[in-house]
Amino acid sequence: MTSFDKKIFIAGANGMVGSSVKRCFESAGFTDLLTPSSNALDLTDQKSVDEFFAHAEPEIVIIAAAKVGGILANNTYRADFIYQNLMIEANVINAAFKSGVEKLVLLGSSCIYPKLAVQPMREEELLSGYLEFTNEPYAIAKIAGIKLCESYYRQHGCNFYSLMPTNLYGPNDNFDLETSHVIPALMRKFHEAKESGDASVTIWGSGRPRREFMHVDDLAAAILFAMRIVEAKDIYENGISHLNIGTGSDVEIIEVAKLIKDVVGFDGEITLDNSKPDGTIRKLLDVKRMHDLGWHHKIELRHGLEEVYKWFLEHQPAAKDSAIA
Ligand code: GFB
């Protein structure tokens, strides 16, 4: 069992994932959390990262820092997504190795799997086919991160491994309409349409793709669970390179749109903008391994959406102006 006085560095502690990890670890009783802001520590700068590790000497590292965004942001800012994510992962993982960190957990995304992967996607599907074009740069960077952890384990015996969450939503999400993921975008669109009495709200694509959505607090609980009981050797010696974290069920985008419309209380129509990309038609994770270990998600979609809408109402307009985490 991880003792409560371990010095834990949460990289990206101000983002949606990192802030949830911080809340979760604090309420579990961990007292020595290092949570520098991105202004205080630029993770894309190797020298700054090396100096931080030499000075702060964290014992455990959770990499929740990443350049993230929805389908359009991934497709548009392709260079930023691959460059920044590669730099963050390489700098933090190498610094963790050099300073003798006991355990490191890197977070990725279900978009690491091939576009046409067998559904639900088992961990073994990694690198079995070509990627979805819209998020290929981000996915390549995250696959590089997985392989960095695995390589530091295989060459140096480091206790470093990766967890791959499904599509996430939650408080502190990015509500910018161009760069956000679908849930915050639709929540804001339906809310603003309700406020201004609009007759309809337009959603991107055909509405037919399916996505698996998980509340970020379920991910934070999974990270804590894994940090306590999963070692790198449990993963790599079983022939896989990471563990999936998800709910095990998915919905059509049009269904989630109707759900959000209902939660927000918008009475109008939903129209489709087919000029926008659909992305992968389906990406449902197989979460059997985490279930077998004893972890299970707790927050069902409808309830999670209601909670996040409450949060949005309390935090707007600041939420609307939030930048990419
Ligand atoms: O959430 P989203 O941007 O992420 O889009 P992805 C999911 C689906 O919702 C796509 C549709 O089919 C979108 O076309 N959609 C409908 C919308 N209306 C909207 C809208 O107003 N905004 C947005 N953003 N989507 C990202 C990847 O893919 O998901 C990343 O690009 C990462 O690499 C992340 O893996 C979790 O699931 O398509």
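Scroll up to find the structure.
As the structure is a prediction and not an experimental result, all values here were calculated from the model.

The next thing to look at is the overall build of the protein chain. A count of helices and strands for the protein chain gives 11 helices and 13 strands. In terms of overall size, the protein chain behaves like a compact globule, its C-alpha atoms giving a radius of gyration of 19 Å where 325 residues would be expected to give roughly 20 Å. Structurally, the protein chain occupies a C-alpha span of about 60 × 40 × 40 Å along its principal axes. Sequence-distant contacts, at least 24 apart, represent 83% of the contacts inside the protein chain between residues at least 6 apart. If you sum the accessible surface of the protein chain, you get close to 13700 Å²; carbon and sulfur atoms cover 51% of it. Computed over 33 positive and 45 negative side-chain charges, the separation of the two mean positions in the protein chain equals 2 Å.

Our next topic: the sheet that holds strand E10 (residues 242–245). Strand order in the open sheet formed by 6 strands is E2-E1-E3-E4-E5-E10, with parallel pairing between adjacent strands. The two strands at the open ends of the sheet, each matched to only one other strand, are strand E2 (32–34) and E10. Neighbouring strand axes in the sheet, compared pairwise and without regard to direction, differ in orientation by 20° on average. Inspection of the sheet shows strand E3 (residues 60–63) paired to strand E4 (residues 103–107) by 4 bridges, in the parallel sense. The partner of Ile60 across the bridge, within E4, is Lys103.

The next subject is the sheet that holds strand E11 (residues 251–252). Spatial ordering of the open sheet is given by E11-E8-E13, a layout of 3 strands whose pairing is mixed. At either end of the open sheet lies a strand with only one pairing partner, and these are E11 and strand E13 (282–283). Two strands pair when backbone bridges link them, and strand E8 (residues 210–211) and E13 are joined in this way by 2 bridges, in the parallel orientation. Looking at E13, one finds that Arg211 is bridged to Lys283.

Looking now at the nonpolar core. By size, the foremost hydrophobic cluster in this structure holds 61 residues, and its most contacted members are Phe25, Phe53 and Leu104. The biggest single contributor to this core is helix H7 (residues 216–229), with 8 residues. Ignoring anything within four residues of it in the chain, the contact list for Phe53 reads Phe9, Pro58, Val61, Val92, Ala95, Ala96, Ser99 and Val101.

Attention shifts here to unusual backbone geometry. Phi is mostly negative for residues that are not glycine, and the peptide bonds are mostly trans. With an omega of -15°, the peptide bond running from Gln119 to Pro120 counts as cis. Residue Leu127 is not a glycine yet carries a positive backbone phi of 65°. Following the sequence through the fold, Leu127 ends up in the loop between E4 and helix H5 (136–156). The exposure class assigned to Leu127 is exposed, which follows from its relative accessible area of 57%. Its identity is not glycine, yet Asn172 carries a phi of approximately 70°, on the positive side.

Criteria and cut-off values
- Residues numbered from 1 in each chain as written.
- Predicted model: local features only at pLDDT ≥ 70, side-chain atom pairs only at ≥ 80, totals over all residues.
- Heavy atoms only, no water.
- Helix = DSSP H or I, 4+ residues; strand = E, 2+ residues; numbered from the N terminus.
- Rg over C-alpha atoms; globule rule 2.2 N^0.38 Å.
- Contact = heavy atoms within 4.5 Å.
- Areas by Shrake-Rupley, 256 points an atom, 1.4 Å probe, with all protein chains shown as cover.
- Lys, Arg positive; Asp, Glu negative; His and termini not counted.
- Charge placed at Lys NZ, Arg CZ, Asp CG, Glu CD.
- Pairing = 2+ DSSP bridges.
- Axes fitted to C-alpha atoms, helices over the stretch in contact; angles between N-to-C directions.
- Core = buried A, V, L, I, M, F, W, Y, C linked by side-chain atoms within 4.5 Å.
- Buried < 20%, exposed > 50% of the residue type's maximum accessible area, 1.4 Å probe, protein only.

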